[in-house]
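Residues per chain are reported as follows:
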Amino acid sequence: MNDWLEVTIETTDAEMDALAAQLTINGAEGLVLESERDFQTFLEQNRQYWDYVDDALLERMKGVARIKFYVTDDEVGKAQMTQALAGVKNPVSTAPVKEEDWAYGWQKYYQPMPVGEKVYIVPEWERGKPVPDGRTAVYLNPGLTFGTGSHASTQLCLTLLEKHLQPRDGVLDLGCGSGILSIAAMNLGAGRALGVDIDPKSVDVAYENAALNGIAGPTYTVRAGDVLSDKTLVEELAAAGPYRVVLANIVADVIIPLSAQAERFLSPDGIFICSGIIDTRADEVERALKKNGLTLVERLERDGWCAMAARLR
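Parameters and conventions
Residues numbered from 1 in each chain as written. Predicted model: local features only at pLDDT ≥ 70, side-chain atom pairs only at ≥ 80, totals over all residues. Heavy atoms only, no water. Helix = DSSP H or I, 4+ residues; strand = E, 2+ residues; numbered from the N terminus. Buried < 20%, exposed > 50% of the residue type's maximum accessible area, 1.4 Å probe, protein only. Contact = heavy atoms within 4.5 Å. Core = buried A, V, L, I, M, F, W, Y, C linked by side-chain atoms within 4.5 Å. Pairing = 2+ DSSP bridges. Axes fitted to C-alpha atoms, helices over the stretch in contact; angles between N-to-C directions. Salt bridge = Lys/Arg side-chain N within 4 Å of Asp/Glu carboxyl O. Parallel < 35°, antiparallel > 145°, perpendicular 65-115°, else oblique. Left-handed = near helix turned anticlockwise from the far one by under 90°. Nonpolar A, V, L, I, M, F, W, Y, C, P; charged D, E, K, R; others polar.

Asker: Got a minute to help me understand the overall build of the protein chain in this structure?
Answerer: Looking only at helices and strands, one finds 12 helices and 14 strands in the protein chain. Expressed as a percentage of its 313 residues, the buried residues of the protein chain come to 52%. Relative to all contacts within the protein chain whose residues are 6 or more apart in sequence, the contacts with residues 24 or more apart total 69%.

Laid out in structure tokens, this is it:
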């Protein structure tokens, strides 16, 4: 097992999205956004699925607003940390973490949860428990990569996905993380899915999660790369399309330029679903969609986050 450094940046709920965008642009990978507000909302919305909530955990989350990411505890990792923190003025702390502690220490707090009307997110270690009638299980072991389904942005994206997905659709998931969205799409009836993430670790994690759901072979593919800077990757993705559904659960600063390329990936009747948008920037994203030839068909908001579905005009 490798040793890692946990890098924690203190922030506020109001500035969290902007700080996350800056860290992403600086090259930080696998960001974990933690806030007492989101934590309390998650507990309230999923109260029936918790056996108990540890008082010590509640105390640790009190007043929390922070972003974490992880680098290897060596010279390479420390150089990556320095680059990621360029221009960041917030208080920063680091702590050593053993990979086994990181991967497994929080499992007892994570239980199956319903999302939208059809999806039921199930951690791999809870496999075997009954799935509610009318819901489709998505088995997940997010490991070291973002994407557990608990964040409002992911839940909003899944809600729009299940509503607009049609049988046998081709799906492109930009910023796939753990693969939760593309895997859910396959379990809900998509014919094929392709995931892309800037973090190379996401490739293995997404494939592992796909295998937990019995998904393998040519219908499910994951690539590492940056669709904003890698023109060759964009050409390859476009050539593998078109896709009836394109997903982007990222941040506003990535979605806005990405919307200019959506037409290259979408089929004529396709739909672009974007999430991870803090509500104060939702109008800005909506204007970008319109500017780039997309018509908004649905907009959802929850807990200060926004998701949108748009079609080609």
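Asker: Sorry if this is basic, but what is going on with the nonpolar core here?
Answerer: Soluble globular proteins: nonpolar side chains tend toward being buried together. Core analysis: the largest hydrophobic core is formed by 36 residues, its most contacted members being Ile121 and Tyr220. Setting aside chain neighbours within four positions, we find Tyr220 in contact with Gly179, Ser182, Ile183, Met186, Ala193, Ala206, Tyr207, Ala210 and Ile215. Counting 28 residues, the second largest nonpolar core, distinct from the first, contains Leu174, Leu194, Ile255 and Leu289.

Asker: Honestly, the sheet that holds strand E7 (residues 136-140) in this entry has me stumped. Any pointers?
Answerer: Within a sheet, each strand pairs with its neighbour through backbone hydrogen bonds, oriented either parallel or antiparallel. With mixed pairing, the 3 strands of this open sheet are ordered in space as E5-E6-E7. The open sheet has two edge strands, strand E5 (113-115) and E7, and neither has a second partner. The sheet shows a mean angle of 30° between the axes of neighbouring strands, direction not considered. Bridge count for strand E6 (residues 119-123) against E7 is 5 bridges, and the pairing is parallel. Bridging across to E7, Tyr120 finds its partner in Ala137.

Asker: Help me out: how do you make sense of the pattern of salt bridges in this one?
Answerer: Once the charged atoms of two side chains with opposite charge are near each other, the side chains can pair. With the rule as written, the count across this model stands at 16 salt bridges. The network of salt bridges with common partners includes Glu6, Glu34, Arg66 and Lys68.

Asker: Whenever I open this one, the packing of helix H6 (residues 152-164) against helix H7 (residues 180-187) confuses me. Can you help?
Answerer: What describes two packed helices is the angle between their axes and the distance between those same axes. Orientation of H6 relative to H7, taken along the N-to-C sense of each, is 25°, at an axis distance of 11 Å. In this view, H6 runs roughly parallel relative to H7, as classed from their interaxial angle. Crossing hand, H6 versus H7: right-handed. Listed contacts from H7 to Thr154, Cys157, Leu158 and Leu161 of H6 are Ile180, Leu181, Ala184 and Ala185. Classifying every residue of the contact of H6 with H7 by side-chain character gives 7 nonpolar, 1 polar and no charged.

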